Amino acid sequence: MLKTIILSTVIALTAGPALAESPKSGGRVNVVVQPEPPGLMLGLVQNGPTQMVAGNIYEGLLHYAPDLSPQPQLAESWTVSDDATTYTFNLVKDAVWHDGTPFTSADVVFSVDTFLRETHARLRASLVHVESITAPDDHTVVFQLKQPFGPFLGIFEVGTMPMIPKHIYDGTKYADNPANNTPIGTGPYKFVEWQKGSHILLAKNEDYYVEGKPHIDEIYYHVIPDAASRSVAYETGKVDVLPGGSVENFDVPRLTALENTCVTDAGWEFFGPLSWLWINTRSAPMDDSRFRQAIMYAMDREFAKDVLWNGLGKVATGPASSATRFYDNNVNIYDHNPEKAKQLLAEMDYDGTPIRLLPLPYGETWQRWGEAVKQNLEEVGIPVETVATDVAGWNQKISEWDFDLAFTYLYQYGDPALGVSRTYISSNIAKGTPWNNVSGYTDDGVDKLFADAAIAPSDGERQVLYTEVQQKIVDDVPVAWLLELGFPTIYRCDIKDLVTTAIGLNDGFRDAWLDR
Amino acid sequence: MTTIRFLASRLVKSIVILLCIAVLNFFLIRLAPGDPAAVMAGEAGASDEIFLQQLKEKFGLDQPLLVQLRIYMWDIVRFDLGFSYRQQMPVSQLIFERLPATLLMTGTAFVLSILFGVVGGVLAAQKPGSWRDTGIMTAAIIFYATPLFWIALMAVLLFSVQLGWLPAFGFETVGSGYTGLQRALDIARHLVLPSMTLALFFMAVYARMTRASMLEVASMDFVKTARAKGVPDKLIQRRHILRNALLPVVTLAGLQAGQMIGGAVLTETVFAWPGIGRLMFDALLQRDYNLLLGVFLVSAMLVIAVNILTDIVYRMIDPRIGEGA
């Protein structure tokens, strides 16, 4: 007996807001990309700008609706066995690579089992649960898991599991393959040219397997290194889309007031960007949970949200973002309460040892935020010394645990097992890399809860475990949570259906059209 | 000493200097915290030891430092600037694709600053204390004292946002399909704001220096002698005064050429100009060692070339220079 989850391709592909008006074809869109991506080969590079551009060139088997439910992409339907260990994907029949070669199940097996297993650190961690990947025929792929893995259907998005053309990469040295400079995918847009330092041009894929899509002819991604100049580029009409984070927050109100300008903070649900302060729990006074709680009570996070982020985003309640599955806000809520902070500090006999704060070198907003936190902490009697770095120095200090408090924000990828547990489990403490458990937080109970929840057979059982672990972590404060970041996408209102999925602009131009 | 021998000796010295610069740069860069592998791992948003190890091997960072230096120097001697793993391209290709844009902008700025600076200085020196003099010198002081980036932003606000006369960023209109003369005009329009911004500071310096130098030379005995002999004033100004007054300006121009790359970092960033100044800045932030060293080396070569050129110009203006040196 198979438990079947087959979504009708027809419904899924035509659903959405596009039904209201019939899309027009043609036109050109100018977008800002910041910073310039290091490369566009999504299997080798996965930083933000690369995903934003290459997400229109490459595709995953699935994509995700804003509520994170899986939607068909290169897989038109799929089934899951009753014991939740066998996943069978039926691929679309008429997808072709941009060079005309048909896309088949062999490409899927090669991409996941050979290519990405070697190159993709984040996917590699999930593939541990996969026993085998097989292709019974040209359009069927079977993933056999070792045991149930709750978030499994959440790892098929293009940034996590992009499909790589086997006929181009098989048997080559991936990093040195000349094809990396002319990426070939199955997506709605083809790579045309990249003038380094100036722009990247993508053009409509006329042979795209979804009838009638995409609508727009050309997408220009402009490389504009200065934040003020990016605002000017929008104001003067040179670009039509400012993706989240591409202008300073204090420019957002001015730009959104312009004529024919829309703004949305949707399209980040899959990533659930959550900001916090790493707390180096290895040394005093940060090794005392009362000190860490005092930090939470000392910070005025509503102020940071309203003033620094223009009211976008939400004050974080704990380790999971509210967009992430199994989020539970039935936890201790830390409001802005300097008196309580002072009380906790007095209780632990805090001697006023100064602590070092490392802001994030990502522009003005983050600098100001560092100053705001410094002020909040000094108000309750914690002297703060701010340490200035550039990005490389910041990475180094975080990796080498050379900090007391440090700003950061991380993505959650929709499921606690993919993007939350890595920050808190003790097996993920390793000097030398920046995105693991750099706080040095260890708790056997938390480790076990996360481990059990990842492989619990049903969502109900997972929820119970995740609720418990969230409550425990929030009481312990291994990191000081700040905000669920709201990144505004600013764009001309005549661009329709720009943000339709949980990864927003990263695959946005598949559906977008111009009402001009 | 003949010009040929002079050039040959300068070239030999230059090569030694360049090699020293390469070694020095190699060590200086590594003093900055963080390496390219750490930066790329950081950007990927997830990393484990395997990933970091892969990157280090790729960059050759797993080798001892002296081995890395030996490999690098051996490459340099064979005119190979290495590979930028971050940009997935040979360093020489990256640099030579971006160099023309920088040379065009800095070259234009250079010519503009000398032209307007010297002319301004001469005009001011002709009637010291006049309204003309005061006006030119006040403008010079303002441009001299105002930060480059502020001028750039104000120019953009005025000419692009408010008036809409000139493009605010970029090398040309992307996707316009212009060719030939139309394209050249388009590039020229894009060139105005960045090159003017870069030129203003040195324009001010040249104006002040030319003026001071003109006034100094004008009071010298040989000028008085020429006047006494009845040489026409125009000729005295040009042949006697200006020619001698230009020597310090040439010295400064040689220095300016070296500083232009530094100034270009800012101008290219504000105006999104795809040159090597920005390439260098990005490479620095990303600890892209090979690329950074490559840009340093190429700009060092340019500076040395300009210095040799300056010496030649010296000898042309005043043939006595270099005799017996």
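Every value quoted in this text rests on a predicted model; they were computed, and no experiment measured them.

Give me the overall build of chain B: which residues, what numbers.
Of regular secondary structure, chain B possesses 12 helices and 2 strands. Its helices and strands taken in sequence order, chain B reads α-α-α-α-β-β-α-α-α-α-α-α-α-α from the N to the C terminus. Expressed as a percentage of the 325 residues in chain B, the buried residues total 47%. Considering only residue pairs separated by 6 or more positions, chain B has 73% of its internal contacts joining residues 24 or more positions apart.

Explain the overall build of chain A residue by residue, including any values.
When helices and strands are counted, chain A shows 15 helices and 22 strands. Over its C-alpha trace chain A gives a radius of gyration of 23 Å, about what one expects of a compact globule, namely 24 Å for 516 residues. Along the longest, intermediate and shortest principal axes, the C-alpha atoms of chain A span 70 × 60 × 45 Å. Looking at chain A as a whole, 61% of its 516 residues qualify as buried. Taking all contacts inside chain A whose residues are at least 6 apart in sequence as the whole, residues at least 24 apart take part in 72%. Carbon and sulfur atoms provide 51% of the accessible area of chain A, an area that totals close to 18100 Å². Considering chain A, the positive charge centre built from 39 side chains and the negative charge centre built from 68 side chains are found 2 Å apart.

Kindly report on the pattern of salt bridges, identifying the contributing residues and their values.
For side chains of opposite charge, pairing can occur when their charged atoms come near one another. Residue and element names in this part refer to chain A. Considering all chains together, one arrives at 36 salt bridges over all chains under this definition. Where Arg254 meets Glu235, a salt bridge forms, and the shortest distance between an N and an O atom there is 2.9 Å. Within this pair, whereas Arg254 is found in helix 7 (residues 252–256), its partner Glu235 is found in helix 6 (residues 227–235), the two being separated by 19 residues in sequence. For Glu235, a relative accessible area of 29% puts it in the partly exposed group. Asp404 serves as the salt-bridge partner of Arg356, at 3.4 Å between the closest nitrogen and oxygen. On the criterion of sequence distance, the pair formed by Arg356 in strand 16 (residues 355–358) and Asp404 in the loop between helix 12 (391–399) and strand 18 (405–410) is long-range, its members being 48 residues apart.

Can you lay out the side chain of Arg292 of chain A for me, pointing to particular residues and giving the numbers?
Residues and elements named next belong to chain A. Note that Arg292 resides in helix 8 (residues 289–298). Notably, Arg292 is buried but unbridged: the nearest opposite-charge side chain belongs to Asp476, and the N-O separation is 4.4 Å. Only 2.9 Å separates the side chain of Arg292 from the backbone oxygen of Asp476, close enough to count as a polar contact. What Arg292 contacts, discounting residues up to four positions off in sequence, is Ile279, Thr281, Met286, Asp287, Asp476, Val477 and Pro478.

Explain a nonpolar patch on the surface to me, and be specific about the residues and the numbers.
Residues and elements named next belong to chain B. On the surface, Phe149, Trp150, Met154, Leu157 and Leu266 cluster together into a nonpolar patch covering about 460 Å² of accessible area. Residue contributions to the nonpolar patch peak at 4 residues, all from helix 7 (residues 148–162). Within the secondary structure, Leu157 is located in helix 7. Note on Leu157: relative accessible area 38%, which makes it partly exposed.

Describe the packing of helix 8 of chain A against helix 10 (residues 338–347) of chain A, listing the residues and the values that go with them.
Residue and element names in this part refer to chain A. Close contact between helix 8 and helix 10 brings their axes to 8 Å; oriented N to C, the two are set at 165 degrees. One finds that helix 8 runs roughly antiparallel with respect to helix 10. The element helix 8 and its partner helix 10 pack so that their crossing is left-handed. Residues Arg290, Phe291, Gln293, Ala294, Tyr297 and Ala298 of helix 8 pack against Pro338, Lys340, Ala341, Leu344, Leu345 and Glu347 of helix 10.

Before we move on, could you go through the domain arrangement of chain A and cite the residues and values that matter?
Residues and elements named next belong to chain A. If you check the domain split of chain A, you get domain 1 (2–14 + 37–181) and domain 2 (274–484). For domain 1 and domain 2, the distance between their C-alpha centroids amounts to 32 Å. Each partner contributes residues to the interface: domain 1 has 11 residues there, and domain 2 has 11 residues. Roughly 870 Å² is buried in total at the junction of domain 1 and domain 2, and carbon and sulfur atoms are behind 69% of that figure. At the surface where domain 1 touches domain 2, the tally comes to 0 salt bridges. Our count for the domain 1 to domain 2 interface comes out at 2 residue pairs in polar contact (both at pLDDT 80 or more). Here the side of domain 1 that touches domain 2 is composed, by residue class, of 5 nonpolar, 5 polar and 1 charged.

Just give me the short version of empty space enclosed by the protein, but keep the residues and values in it.
Overall, the coordinates contain 3 cavities of 30 Å³ or more when judged by the stated rule. Lining of the second largest cavity is provided by Gly39, Leu40, Met41, Leu44, Val45 and Asn180 of chain A together with Gln88 of chain B. Per-class residue counts for the lining of the second largest cavity are 4 nonpolar, 3 polar and no charged.

Any details on the environment of Ile168 of chain A? Residues and values, ideally.
Residues and elements named next belong to chain A. Mapped onto the fold, Ile168 is located in helix 5 (residues 166–169). Spatially, the C-alpha atom of Ile168 lies 25 Å from that of Ser126, the residues being 42 residues apart in sequence. Discounting chain neighbours no more than four positions away, the residues touching Ile168 are Asp99, Asn177, Ala179 and Ile184.

How would you explain the UniProt feature "transmembrane region" (unreviewed entry) in chain B if you had to name every residue and give the values?
All names here are of chain B. When the UniProt feature table is mapped onto this chain numbering, "transmembrane region" (unreviewed entry) sits at residues 12–32, 99–124, 136–167, 187–207, 245–271 and 291–310. Between the end C-alpha atoms of residues 12–32 there is a gap of 32 Å, over a span that is 95% helix and 0% strand. Between the C-alpha atoms that bound residues 187–207 there is a distance of 28 Å. The span itself is 100% helix and 0% strand.

How would you summarise the confidence of the model for chain B if you had to cite specific residues and measurements?
With 97% of its residues at a pLDDT of 70 or more, chain B has an overall mean of 85. Taken over the whole predicted complex, pTM reads 0.88, whereas the ipTM for its chain interfaces reads 0.84.

Can you break down the confidence of the model for chain A residue by residue, with the values?
Taken as a whole, chain A shows an average pLDDT of 91; of its residues, 96% reach a score of 70 or greater. Between residues 1–19 of chain A, whose pLDDT stays under 50, and residues either more than four places distant or in other chains, the model counts 27 contacts.

Residue-level account of the sheet that holds strand 18 of chain A, with values.
One key point about sheets: their strands pair by backbone hydrogen bonds, in either a parallel or an antiparallel sense. Residues and elements named next belong to chain A. A sheet is described by the order of its strands in space; here 6 strands give the open sequence 15-19-14-18-16-17, paired in mixed fashion. With one partner strand each, in any of the chains shown, strand 15 (314–315) and strand 17 (384–386) form the two edges of the open sheet. Where strand 16 lies against strand 18, 2 bridges are found, and the strand directions are parallel. By the bridge assignment, Leu357 is partnered in strand 18 with Leu405. Of the strands in this sheet, strand 15 and strand 19 (479–484) are in contact with helix 9 (residues 301–308), which crosses strand 19 at around 35 degrees.

Give me the interface of chain B and chain A: which residues, what numbers.
Contact residues are listed per partner, giving 42 residues for chain B and 41 residues for chain A. Both faces combined, the contact of chain B with chain A buries some 3700 Å², and carbon together with sulfur accounts for 57% of it. Considering only the surface of chain B that becomes buried against chain A, Gln88, Phe169 and Val174 of chain B emerge as the three largest contributors, covering 17% of it. The tally of links between chain B and chain A comes to 1 salt bridge. Here Arg287 of chain B makes a salt bridge to Asp390 of chain A, at a shortest N to O gap of 2.9 Å. Here chain B and chain A share 4 residue pairs in polar contact (both at pLDDT 80 or more) between them.

Account for the UniProt feature "domain: Solute-binding protein family" (unreviewed entry) in chain A, naming residues and giving values.
Under the UniProt annotation, the feature "domain: Solute-binding protein family" (unreviewed entry) is placed at residues 70–423 of chain A. Between the C-alpha atoms that bound residues 70–423 of chain A the distance is 25 Å, and the span itself is 27% helix and 21% strand.

How would you explain the state of the cysteines if you had to name every residue and give the values?
Residue and element names in this part refer to chain A. Counted by the stated rule, this structure contains 1 disulfide over all chains. A sulfur-sulfur distance of 2.1 Å marks the disulfide that ties Cys262 to Cys493. Across the S-S bond of Cys262 and Cys493 the torsion is about 115 degrees, and the bridge reads as right-handed. Of this pair, Cys262 sits in strand 13 (residues 261–264) while Cys493 is found in the loop between strand 20 (489–492) and strand 21 (495–496), placing the two residues 231 residues apart along the sequence. The class for Cys262 is partly exposed, based on a relative accessible area of 23%.

Give me the layout of surface pockets: which residues, what numbers.
Residue and element names in this part refer to chain A. One number sums up the size of the second largest pocket: a volume of about 840 Å³. Lining the second largest pocket are 32 residues, and of these Ala125, Ala417, Arg422, Ile425 and Asn428 lie nearest its centre. Two domains each put at least three residues into the lining of the second largest pocket: domain 1 (2–14 + 37–181) and domain 2 (274–484).

Cut-offs applied
- Residues numbered from 1 in each chain as written.
- Chains lettered and ligands numbered in written order.
- Predicted model: local features only at pLDDT ≥ 70, side-chain atom pairs only at ≥ 80, totals over all residues.
- Heavy atoms only, no water.
- Helix = DSSP H or I, 4+ residues; strand = E, 2+ residues; numbered from the N terminus.
- Buried < 20%, exposed > 50% of the residue type's maximum accessible area, 1.4 Å probe, protein only.
- Contact = heavy atoms within 4.5 Å.
- Rg over C-alpha atoms; globule rule 2.2 N^0.38 Å.
- Areas by Shrake-Rupley, 256 points an atom, 1.4 Å probe, with all protein chains shown as cover.
- Lys, Arg positive; Asp, Glu negative; His and termini not counted.
- Charge placed at Lys NZ, Arg CZ, Asp CG, Glu CD.
- Salt bridge = Lys/Arg side-chain N within 4 Å of Asp/Glu carboxyl O.
- Polar contact = N/O pair within 3.5 Å; in protein donor to acceptor, adjacent residues only side chain to side chain.
- Patch = residues over 30% accessible without salt bridge, like charges linked within 9 Å, V, L, I, M, F, W, Y side chains within 5 Å.
- Axes fitted to C-alpha atoms, helices over the stretch in contact; angles between N-to-C directions.
- Parallel < 35°, antiparallel > 145°, perpendicular 65-115°, else oblique.
- Left-handed = near helix turned anticlockwise from the far one by under 90°.
- Domains from an automatic or database assignment.
- Buried area = accessible area lost by both parts, 1.4 Å probe.
- Nonpolar A, V, L, I, M, F, W, Y, C, P; charged D, E, K, R; others polar.
- 1 Å grid on protein atoms, 1.4 Å probe; cavity = no way out; pocket = protein on both sides within 12 Å on 5 of 7 lines; lining within 4 Å.
- Points joined across faces, edges and corners; volume = space filled by probe spheres on them.
- UniProt positions renumbered as here; feature names shortened; annotations may be inferred.
- pLDDT = per-residue confidence, 0-100.
- Pairing = 2+ DSSP bridges.
- Disulfide = S-S within 2.5 Å.

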